[in-house]
Amino acid sequence: MAQKEGYPEADGYLFLPQYDKAKLESRATDSFNFRSDDVIVVGFLKSGNTWLLEVLKAMYNDWGLQKFGGAEAAMLLDERTVFNSHFCRKHEELVEAIKCEDLPSPRLMRSHLPATLFPCHVLKEKGVKVIYISRNPKDIVVSTYYFYKSFLHGACSTGDWEETVQSFLEDRQPLTPWVRHVGDWFQKGIEDNVLHVTYEEMKRDLPGTVRKIADFLQRPLTIEDIDRVVRTTTVDAMQSRLLKMLIVDEEMVPKAAKGENPFVRKGVVGDWKNHFTVAQSELFDSKIGSKVRSINPNIPYQ
Ligand code: A3P
C-alpha cells in the first residue's frame, strides 16, 4: 500500500494521524470492558455514521450518554482505546469528562475500526451489538472531498478533486481500502450480532430501516416513536442541532465557526454524478465496482 506520511498503517489499513499504530497492532480495544447491552455504530468515514447515531438517539431516550446534558455526541470508542491524541482541546475535554467506561447502560458508542482490528469475539461472548452502515463509495468520495478540505485545517486533503478520487482508489485515504472495510464486517460468525444498514435504504425508507433496527435490538417502537425519529433526523433538523454539539469544534473543523456543519452537508444519494467525469467513474467501476458484487449483493454501489 502507498504510505502517507504521518498516517499510521495497521493490518493493511491506513488511519487518521490520531490513531496509534502500536495500540492498533496490540489490539488495545480487546481489553475494553464491553457490556451485554452495548450498541456500537460502525462505518467507513462519510457513510452516514452521524445520521445513524442521531436516529438511534431519537429511537430511544435512555442511552447513558443522554444523561450528560450538552454532550450529545455518541462516544468514539476508538478515542478511548486506540488513539494517541485527541482531535482537539474541546474534544479532549469532552472525552475526559465523559469516559465510555463510566457511561451508564445502555451505552451507544461508535467506532471506525475494521472488523479485523475490532474484538469481534465479544460480540458473541457478551451479546454486544454492532450496526454497520455502508454507502455507495462514489458518494463517500464526494462527501470526503468537501469534508477533508475543512477538517483539521485541511491536513488530510490537497483540496483537489482528481487527487481525492485517485487517493481513494490507491488506498491513500484514512480507513482505506474501503472494499476490505465493508467486506470484513460481512465475515462469517458475527452475523447474529451485526446488522447491516445502508445510507441509501435510510434515504429510501427511514421508517422501514428504523423498524429493522428496532427488531435487531429487540426494543419495539410505536408508530409515534417512528414518526418522531423521522421528524427529528432530517437534514435541516440535524444541521442546526448538531452545530451545538461539541463534536463540531472550530479547532477540528474551522467552518463550524461560520455556522457550517461538515457532518451534515447535502445529504443526498447520487451527488457523485455531479462530480465524477466519465473516465473517473469507469476507473472506479473497474477497480472497486468489480469487487463489490463478489463480497455481498447488499453493499451499495452504483
Ligand atoms: P454528504 O457530504 O454527501 O452530504 P458521516 O456522518 O459518516 O461523516 O457522514 C456524513 C454524510 O452523511 C454527509 O454526506 C452528510 O450530509 C450526511 N448526512 C448527515 N445527516 C444526514 C441526514 N439527516 N440525512 C441525510 N444525510 C445526512
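Remember, predicted model here, so these are calculated numbers, not experimental data.

A. Quick look at the pairing of strand S5 (residues 108–111). Burial along S5 is two-sided: the residues Leu-108 and Arg-110 and Met-109 and Ser-111 are all buried. Here four bridges tie strand S3 (residues 39–43) to S5, and the two strands are oriented parallel to one another. Bridge pairing in S5 links Val-41 to Arg-110. Pairing between strand S4 (residues 75–76) and S5: two bridges, direction parallel. Bridge pairing in S5 places Met-75 opposite Met-109.

B. The arrangement of the packing of helix H6 (residues 137–150) against helix H7 (residues 161–169) in detail. It is the contact of H6 with H7, at a shortest axis distance of 10 Å, that shows an interaxial angle of 130°. Between H6 and H7, the angle falls in the class oblique. Crossing geometry of H6 relative to H7 is assigned as right-handed. On H7, the residues that touch Pro-137, Ile-140, Val-141, Val-142 and Tyr-145 of H6 are Trp-161, Thr-164, Val-165 and Phe-168. Partitioned by chemical class, the residues of the contact of H6 with H7 number eight nonpolar, one polar and no charged.

C. Highlighting empty space enclosed by the protein. Within the structure shown, the criterion is met by two cavities of 30 Å³ or more. What lines the largest cavity is a set of twelve residues, and nearest its centre among them are Cys-156, Ser-157, Thr-164, Ser-167 and Gln-173. Secondary-structure elements contributing two or more residues to the lining of the largest cavity are H6 and H7. The residue makeup of the lining of the largest cavity, split by class, is three nonpolar, six polar and three charged.

D. How the structure looks around the sheet that holds S3. Read across the open sheet, the five strands follow the order S4-S5-S3-S6-S7; overall the sheet is parallel. Two strands lie at the open edges of the sheet, namely S4 and strand S7 (194–198), each paired on one side alone. Packing against the sheet, helix H10 (residues 206–217) makes contact with S3, strand S6 (129–134) and S7, and its axis sits at approximately 175° to S7.

E. Molecular detail of unusual backbone geometry. Cis peptide bonds are those with omega within 30 degrees of zero, and the linkage from Ser-105 to Pro-106 qualifies with -5°. Cis rather than trans, the peptide bond between Thr-176 and Pro-177 has omega equal to 5°. Among the secondary structure elements, Pro-177 is positioned in the loop between H7 and helix H8 (178–184). Phi at Lys-46 takes a positive value of approximately 65°, unusual for a residue other than glycine.

F. Structural context of the packing of aromatic side chains. Taken as a whole, this structure holds 17 aromatic pairs when the rule is applied. Between Arg-219 and the ring centre of Tyr-60, over which it is positioned, the NZ or CZ distance is 4.0 Å.

G. Quick peek at the site of the ligand. Near the ligand you find 18 residues, and of these Thr-50, Ser-143, Tyr-199, Arg-265 and Gly-267 are the closest. Within the side chain of Lys-46, one N or O atom sits 2.8 Å away from an oxygen atom of the ligand. Interatomic distance of 2.7 Å between a side-chain N/O atom of Asn-49 and an oxygen atom of the ligand. Considering the ligand on its own, with 570 Å² of exposed area, one finds that the protein chains cover 97% of that surface.

H. Quick look at the nonpolar core. Within the largest apolar cluster, 95 residues are counted, with the highest numbers of intra-cluster contacts made by Leu-56, Phe-118, Trp-178 and Trp-185. Tallying contributions element by element places helix H2 (residues 49–59) first for this core, with seven residues. For Phe-118, the residues in contact, after removing those within four places along its chain, are Arg-27, Phe-34, Ile-40, Leu-77, Ser-111, Leu-113, Leu-123, Val-130 and Trp-185.

I. Expanded view of H7. Most of H7 sits inside the fold, with seven of its nine residues counted as buried. Of all the residues in H7, the buried ones are Trp-161, Thr-164, Val-165, Gln-166, Ser-167, Phe-168 and Leu-169. Next to the buried residues of H7 lie H6, H8 and helix H13 (278–295). Backbone nitrogen of Glu-162 and a side-chain oxygen of the N-cap are separated by 3.4 Å at the start of H7; the cap is Asp-160. Two residues or fewer after H7 comes Asp-171, characterised by a positive phi angle close to 55°.

J. The arrangement of the pattern of salt bridges in detail. Enumeration over the complete set of coordinates arrives at 18 salt bridges. Measuring nitrogen to oxygen at the nearest pair gives 3.8 Å for the salt bridge that ties Glu-96 to Lys-99. When the shortest N-O distance is used, the salt bridge between Arg-180 and Asp-184 registers 3.5 Å. Taken as a pair, Arg-180 and Asp-184 lie in helix H8 at a separation of four residues, close to a single helical turn. Given the relative accessible area of 17%, Asp-184 is considered buried. Within this structure, Arg-80, Glu-96, Lys-99 and Glu-101 form a network of salt bridges that share partners.

Cut-off values and rules
Residues numbered from 1 in each chain as written. Predicted model: local features only at pLDDT ≥ 70, side-chain atom pairs only at ≥ 80, totals over all residues. Heavy atoms only, no water. Buried < 20%, exposed > 50% of the residue type's maximum accessible area, 1.4 Å probe, protein only. Helix = DSSP H or I, 4+ residues; strand = E, 2+ residues; numbered from the N terminus. Pairing = 2+ DSSP bridges. Axes fitted to C-alpha atoms, helices over the stretch in contact; angles between N-to-C directions. Parallel < 35°, antiparallel > 145°, perpendicular 65-115°, else oblique. Left-handed = near helix turned anticlockwise from the far one by under 90°. Contact = heavy atoms within 4.5 Å. Nonpolar A, V, L, I, M, F, W, Y, C, P; charged D, E, K, R; others polar. 1 Å grid on protein atoms, 1.4 Å probe; cavity = no way out; pocket = protein on both sides within 12 Å on 5 of 7 lines; lining within 4 Å. Points joined across faces, edges and corners; volume = space filled by probe spheres on them. Phe/Tyr/Trp six-rings, centres within 6.5 Å; stacked < 30°, edge-to-face > 60°. Lys NZ or Arg CZ within 6 Å of the ring centre and 35° of its normal. Near = heavy atom within 4 Å. Polar contact = N/O pair within 3.5 Å; in protein donor to acceptor, adjacent residues only side chain to side chain. Areas by Shrake-Rupley, 256 points an atom, 1.4 Å probe, with all protein chains shown as cover. Core = buried A, V, L, I, M, F, W, Y, C linked by side-chain atoms within 4.5 Å. Salt bridge = Lys/Arg side-chain N within 4 Å of Asp/Glu carboxyl O.

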